[in-house]
Amino acid sequence: MMDQRGSIVGMNPAAERTFGIAEADARGKEMAEVMVPPTLREAHRHGLARLLAGGEPQILDRRVEVTAQRADGTLVPVELTITQVENGGAPLFIGYLRDIGDRIETEEQLRRSRTQLLRAADEARRRLERDLHDGAQQRLVGLALTLRLARAQVEQDPAAAVALLDEASADLASATEELRDLARGLHPAVLTDGGLGPAVRGLIARLPLEVRVDGVPEERLPIDIESTAYYVVAEGLTNVARYAGTQRAHVAFEHADGRLTIVVRDHGRGGADLDGGTGLRGLAARVAVHDGSLAITSPAGEGTTVRVEVPCAS
Amino acid sequence: MRVVIGEDSVLLRAGVARLLQDAGIEVVGQAADADDLLRKVRAHRPDVAVVDIRMPPGNADDGLRAARAMRAELPDIGVLVLSQYAEEHYVTELLQDGAEGVGYLLKERIADVERFVDSVRRVAEGGSALDPEIVALMMGRREGGPLASLTEREREVLALMAEGRTNRGIAGELFVSERAVERHVTAIFGKLGLPAGAGDHRRVLAVLAYLDGG
């Protein structure tokens, strides 16, 4: 509560907590000095003077978000509504405020994880474009050339034409294989048709790793959870194959009490972190969408453990 | 020999039909979705159905499910599934009720016409035809066990057995005599501890069960 001179005339216990100051200490002091950050003080004083001089009220009876200052000088974002009451002819201003620091932090996290999801999706597109361009597309261009050459040879040198056609067939087979691998990497059809177990086993059969798998859910789970779990395993194991310097890994699932836990572990060289690659960060954002958690433990020389937990109704 | 084809891509359907007809095989029915396929198979009773795994109406593994329904209902009709997926899962599903008269090949194998036609004939006659890439995946997964005790040549023979080839087929592929293949087969079964003396059709199942980790 503030009077027309701008002095504090009272505050409730909640406000005492928010500002870290006792009512007894605050009373009589200029509100601007105690609760408004220095950079905003002049504007506050100016606004009050303008209002008292008969100016049109600008923030009265509206909910606004402003930055306030605590007694220790730290800033706190608050949601503020000011109403004006008459008190024996003199105006009195009552500010109702709510500390929205938590909400703002949550919003900030949400924004960050959205951005990460976007970046991960963009990065995946770029990778796909590169793979298509360097792989199948090159091969098809080469194939077109080989076919042209074969065409030119058909009459003069049929034997050479046959050799070229064989070459074209081989190129075509390679392109088909690359496209098949690429499609599987994007989203294995067997995940949709058969679920997590078959998809994970199919993945492992393709990796140059010896992987032990425990507790893979054979029952079907919500499709988005299955996808996330699959990508966690795929990314985790790909990282083992690429960076861990070991050929062994362990994947463990646990589905209990409404949570699905996925652990991918190796005893390789360790030293991995979330900033190491876009893959893991994209995964962290994906896991966050499910209100889940992703943790990496990777002390140098002691291997890496990626642990993901997501809520998943049993 | 009479065939029904189930394939939703017009181009591929026409292509497969032509390949088979050129090889002297009669194409008695063509279907563009799983329901129509089942209808035509019931009506024509072909020797073998060549089935695309991904088909309408569901555009999921409808073809595979139609294939399994056929096997249950009309076990004398061979089923050769064409797929773009090198995944053991589908093969395991398909082989649940035995390997006789069953095949699973990657689609691109139709480009090797002679082999493709040979696979269709084998399946029609109650044999099997499993894609080499699937066999390689299965063998890769069983690395380290008794497979390690096989010689390079024995591994080749094992892979070809798993594909469903006959001794004669294997002999032709490896440029050796049928006698030599028989000796390799005996050696392989001994090393892996599998019951010897099974005919061509039955031994596929024994080999696959072994590779599947059974």
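What you see is a predicted model; the values in this text were computed from it and never measured. (Residues numbered from 1 in each chain as written. Chains lettered and ligands numbered in written order. Predicted model: local features only at pLDDT ≥ 70, side-chain atom pairs only at ≥ 80, totals over all residues.)

What to know about the sheet that holds strand β2 (residues 26-31) of chain B
All names here are of chain B.
Piece 1. Strand order in the open sheet formed by six strands is β2-β1-β3-β4-β5-β6, with parallel pairing between adjacent strands. At either end of the open sheet lies a strand with only one pairing partner, and these are β2 and β6 (128-130). Put simply, the sheet's adjacent strands are angled 20 degrees from each other on average, direction ignored.
Piece 2. Both strand β1 (residues 2-6) and strand β3 (residues 48-52) contribute to a ladder of four bridges, which runs parallel. Along β3, the bridge assignment pairs Ile-5 with Val-50.
Piece 3. Sheet contacts for helix α2 (residues 34-44): β1, β2 and β3; angle to β1, the most-contacted strand, approximately 170 degrees. (Pairing = 2+ DSSP bridges. Helix = DSSP H or I, 4+ residues; strand = E, 2+ residues; numbered from the N terminus. Axes fitted to C-alpha atoms, helices over the stretch in contact; angles between N-to-C directions. Contact = placed C-beta atoms within 7 Å.)

Topic: the sheet that holds strand β4 (residues 90-99) of chain A
Residue and element names in this part refer to chain A.
Piece 1. Spatial ordering of the open sheet is given by β1-β4-β3-β2, a layout of four strands whose pairing is antiparallel. The sheet is open, and its two edges are formed by β1 (2-3) and β2 (63-69), each paired on a single side.
Piece 2. Pairing of β1 with β4 involves two bridges; the strand directions are antiparallel. Bridging from a neighbouring strand, Asp-3 pairs with Leu-92 of β4.

So, the interface of chain A and chain B
Piece 1. Counting from both sides, the interface comprises 13 residues of chain A and, opposite them, 13 residues of chain B.
Piece 2. Contributions of two or more residues to the side of chain A that touches chain B are made by α6 (158-186), α7 (189-194) and α8 (196-206) of chain A.
Piece 3. No other element matches the five residues that α7(A) contributes to the side of chain A that touches chain B.
Piece 4. For the side of chain A that touches chain B, the class distribution of residues is five nonpolar, five polar and three charged. (Nonpolar A, V, L, I, M, F, W, Y, C, P; charged D, E, K, R; others polar.)

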